[in-house]
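# A structural walkthrough
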Amino acid sequence: DGCEGCVARPCIFNCPTQAISRVDGKAFIDKSKCINCGTCAKVCPYNAIQKKTIPCIDACPVDAISKDADGASVIDFDKCIYCGKCMLSCPFGAILMPSQVISVTHKLTEGKRPVIAMLAPAVMGMYDGTVKQLGQALKQLGFSDVVEVAAGADVTSLMEAEEWIEHIVIQKDPLMTTSCCPAFYHAVHKHAPKLSKFVSHSGSPMHYTAEIVRRNHPDCYTVFIGPCVAKRAEGLRRPNVDYVLTAEELLCMIQAKGIEMKKLPDEDASTSRLGSREGVYYCVKEGVAQAVLASVPRSLERLKQNDGRHIDHLVTHISQLDSAKLEEGTMTSEPPTPDGATHEKAAVPDGITTAAVKPVFISPLDKKGVKMLQAYGEKPEKAPGNLIECMVCDGGCINGPGGIVRAQMGKA
Ligand code: SF4
C-alpha cells in the first residue's frame, strides 16, 4: 500500500523466503511464499507494508494455535501447555477457560462443609486493599478460613532440595529442573520429552497446602486462588484440591457481592501466615530456585539423620506449625521481611555447600526458551547450570494470565 517502487528495494533484498518481486515497478508479495515474519515491514522506508498479526497465534510459545478452514483460530491440545498467553493476547477476550466460580459459590452458600481458601502469594498484592482486608472479603463471601500457599511451597522446597542432592550429589546427574509451574511441566512432557527424566517429582505448593489443610479439616472443600490458568488443569489431577479460581474470578465474586474491600476493617479474619519468606517469593522469577537453594543445608541435615524422603514427616511438621499459627490468628499485611523467615538454619555437613547449586532461570518461556529446553534434553551436560527454574510467565506468577489486569481493563 503506497509502494514507491524505490531503487534500494530493501524488501526484496531482505525477504528470507524470496517472496517479493517487482511487478510494474512496484513490490509484489507472493502469499504462498510469505511466512509473515515482518522483515519487509521493518525495512520499508515508506511504511507501505504492514505485518499482519494474529495475536493468539503469535503469543503461543509452542505453536499450538492455527487457523481452520473458516479462518477461526483453533487450539491443538496435544501441543497446548495451558499457559494462558493466548487468553492474555486476545483483544476481544474471546479465549476462555471453563470457570469453577458457580461450583464454588454453591458450596459457599450451601454452608454444609467448611470451604477453605488457599491464597497464592502472587495474588496478595493484586487487590485494592490490604491482605487483611482481602481476608475479610473472603470471610464475607463465606470462606471458613484462609491459608497461605507459601506453607506448601516450603514443603516443595525441602522435597526438591532433597531430590537435587539425590540427582546431582549422589547420582551425579548433570541437572534437575523444578516443577511447580504446571505449564512448564506440560512444555517439557509435550515438547522436550528427553528432559522429562530430570524434572522434579515433588508436589507443587498447591498440592502440599491442600494436604496441610486436609489434616486440620478433613471434611472441607479446598479452593486454590492464584493468577494461573494452568493450575486448574493441575487441580483436576489432584484429589485433595477441589476447585481452582483465578485472582480475576475472585475479584468478580467480590464485586458481584458488592463488597468494597477498602472499607473493610484492616484486621485479621482468622487467617494465618504459615509460610516462610522463601515460600512467599515463589511468585517471582528466581524465587523457587532460591528457596530450594536455601533448603539444601536443612535437607542435607535431614538426609544425614536419615529422617528424610518421607512426605509424611514434612507435612506433619508443617501441619503442627499450621495449628500453632492458626491459634495465633495472624496474617501479615505486607510481604514478610527476611526477619519473618521460618526456615531453621542447619549446619552444612560433609563439605557440600549451597555454592554447588548452580541455578539457570528461564522466564518467560517463549519459542526460544522451548528450543533451549529441547537442547538441554539432548545434551544435559551442556546446560549452563544444574538446577533449572522455568516460570512460563514473564517474571513469574505475579504476571500470570489469571491476574486481575483484564478485569480492570473491562472496568475502564
Ligand atoms: Fe502459572 Fe506461575 Fe507458571 Fe505462569 S509462571 S503458568 S502463573 S505457575
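For every chain, the first residue of its written sequence is number 1, and the numbers climb from 1 along that sequence. Under the rules for a predicted model, residues below a pLDDT of 70 receive no local features and side-chain atom pairs below 80 are neither given nor counted, while totals for whole chains, interfaces and linings still include all residues. Each side-chain value is derived from all of the structure's non-hydrogen atoms; neither hydrogens nor water enter the calculation.

Attention now moves to the site of the ligand. Any residue with a heavy atom positioned within 4 Å of a molecule or strand is treated as near that molecule or strand. Every residue lining the ligand is accounted for by Cys 181, Pro 182, Ala 183, Cys 228, Met 391, Val 392, Cys 393, Cys 397 and Gly 400. Within the shell around the ligand, the residues separate by chemical class into eight nonpolar, one polar and no charged. Classification used: nonpolar for Ala, Val, Leu, Ile, Met, Phe, Trp, Tyr, Cys and Pro, charged for Asp, Glu, Lys and Arg, polar for all others including Gly.

This brings us to the nonpolar core. Counting 41 residues, the largest nonpolar core has Phe 184, Leu 195, Ile 362, Leu 365, Leu 373, Tyr 376 and Val 392 as the members making the most contacts within it. Numbered from the N terminus, helices here are DSSP runs of H or I no shorter than four residues, and strands are runs of E no shorter than two. Listing elements by their share of this core, those giving two or more residues are helix 4 (85-89), helix 8 (182-191), helix 13 (287-304), strand 11 (359-362), helix 15 (367-378) and strand 12 (387-390). For this core, the element with the most residues is helix 8, which contributes four residues. When residues are assigned to domains, this core turns out to be shared by domain 2 (55-89) and domain 3 (113-411), each giving three or more. Setting aside chain neighbours within four positions, we find Phe 184 in contact with Thr 177, Thr 178, Leu 373, Cys 390 and Val 392. Ranked by size, the runner-up nonpolar core spans 31 residues in total, among them Val 101, Leu 245, Met 253 and Leu 264. Definition used in this section: a nonpolar core is a set of buried Ala, Val, Leu, Ile, Met, Phe, Trp, Tyr and Cys residues joined via side-chain atoms within 4.5 Å. Note on classification: 1.4 Å probe, protein chains only; a residue is buried when its accessible area is under 20% of the maximum for its type, exposed when over 50%, partly exposed between these limits. Each domain's extent was defined by an automatic or database domain assignment. Any two residues whose heavy atoms approach within 4.5 Å are treated as being in contact.

Right, let's talk about the side chain of Thr 246 for a bit. Along the chain, the position of Thr 246 falls in strand 9 (residues 243-246). For Thr 246, a relative accessible area of 5% translates into the label buried. Dropping the residues within four chain positions of it, Thr 246 is found in contact with Ile 225, Gly 226, Cys 228, Val 229, Arg 232 and Gly 402.

Looking at where Thr 178 falls in the secondary structure, it is placed in the loop between strand 7 (176-177) and helix 8. Discounting chain neighbours no more than four positions away, the residues touching Thr 178 are Glu 160, Phe 184, Val 199, Ser 200, Val 288, Leu 387, Ile 388, Glu 389 and Cys 390.

The element helix 10 (residues 230-237) is extensively covered by neighbouring structure, given that six of its eight residues are classed as buried. Those residues of helix 10 not exposed but buried are Ala 230, Lys 231, Arg 232, Ala 233, Glu 234 and Gly 235.

For every residue, the predictor assigns a confidence score, pLDDT, that lies between 0 and 100. Confidence along the protein chain averages 82 in pLDDT terms, with 84% of residues attaining 70 or more. Summarising per-element confidence for the protein chain, the mean pLDDT is lowest in helix 14 (residues 311-328) (41) and highest in strand 8 (residues 221-226) (97). Counting contacts from residues 406-412, a segment whose pLDDT is below 50, to residues more than four positions away or on other chains yields eight contacts.

Further remarks concern the packing of aromatic side chains. Think of it this way: a Phe, Tyr or Trp ring, Trp meaning its six-membered ring, pairs with another when their centres are within 6.5 Å, and the plane angle makes it stacked under 30 degrees, edge-to-face over 60, tilted otherwise. Within this structure, the stated rule accounts for two aromatic pairs. Look at Tyr 221 and Tyr 243: their rings are 6.4 Å apart centre to centre, the planes differ by 50 degrees, and that puts the pair in the tilted class. One end of the pair, Tyr 221, is in strand 8; the other, Tyr 243, is in strand 9, with 22 residues separating them in the sequence. Considered together, Tyr 221 and Tyr 243 belong to a single accessibility category, that of buried residues. The aromatic ring of Tyr 221 is capped on one face by Arg 113, whose charged end is 4.1 Å from the ring centroid. Ring-over charges, as used throughout, are those where CZ of Arg or NZ of Lys falls within 6 Å of the ring centre and within 35 degrees of the ring normal. The ring of Phe 224 carries Lys 231 above its face, with NZ or CZ at 5.9 Å from the centroid.

Here we come to the pairing of strand 1 (residues 20-23). One requirement defines pairing of two strands: DSSP has to find at least two bridges between them. Taken together, the four bridges between strand 1 and strand 2 (residues 26-29) define a ladder with antiparallel strand orientation. Of the residues in strand 2, the one forming a bridge with Ile 20 is Ile 29. A loop of two residues connects strand 1 with strand 2, the two strands running antiparallel in sequence, and Asp 24 in this loop sits at a positive phi of about 55 degrees.

Cis geometry marks the peptide bond from Ser 363 to Pro 364, where omega comes out at 0 degrees. Here Pro 364 shows up in the loop between strand 11 and helix 15. Located in the positive-phi region is Arg 9, a residue other than glycine, with phi close to 50 degrees. Here Lys 172, not a glycine, exhibits a phi torsion of approximately 60 degrees, which is positive. With respect to the secondary-structure elements, Lys 172 resides in the loop between helix 7 (150-170) and strand 7. Residue class for Lys 172 comes out exposed when judged on its relative accessible area of 65%.

Attention shifts here to the pattern of salt bridges. Pairing between side chains of opposite charge can happen when the charged atoms of each approach one another. One speaks of a salt bridge when a side-chain nitrogen belonging to Lys or Arg is within 4 Å of a carboxyl oxygen belonging to Asp or Glu. Inspection of the entire model under this criterion finds 10 salt bridges. Among the salt bridges present, the one from Asp 63 reaches Lys 367, with a minimum N-O distance of 2.9 Å. Placement of Asp 63 in the loop between helix 3 (55-59) and strand 3 (65-67) and of Lys 367 in helix 15 is noted, with a sequence separation of 304 residues between them. Asp 63 sits in the partly exposed class, given a relative accessible area of 45%. Overall, Lys 367 belongs to the partly exposed group, its relative accessible area being 36%. Two residues, Glu 378 and Lys 194, come together in a salt bridge whose shortest N-O distance is 3.3 Å. Note that Glu 378 is positioned in helix 15 and Lys 194 in the loop between helix 8 and helix 9 (205-216), a separation of 184 residues in sequence. Where salt bridges share partners, they join Lys 231, Glu 234 and Arg 238 into one cluster.

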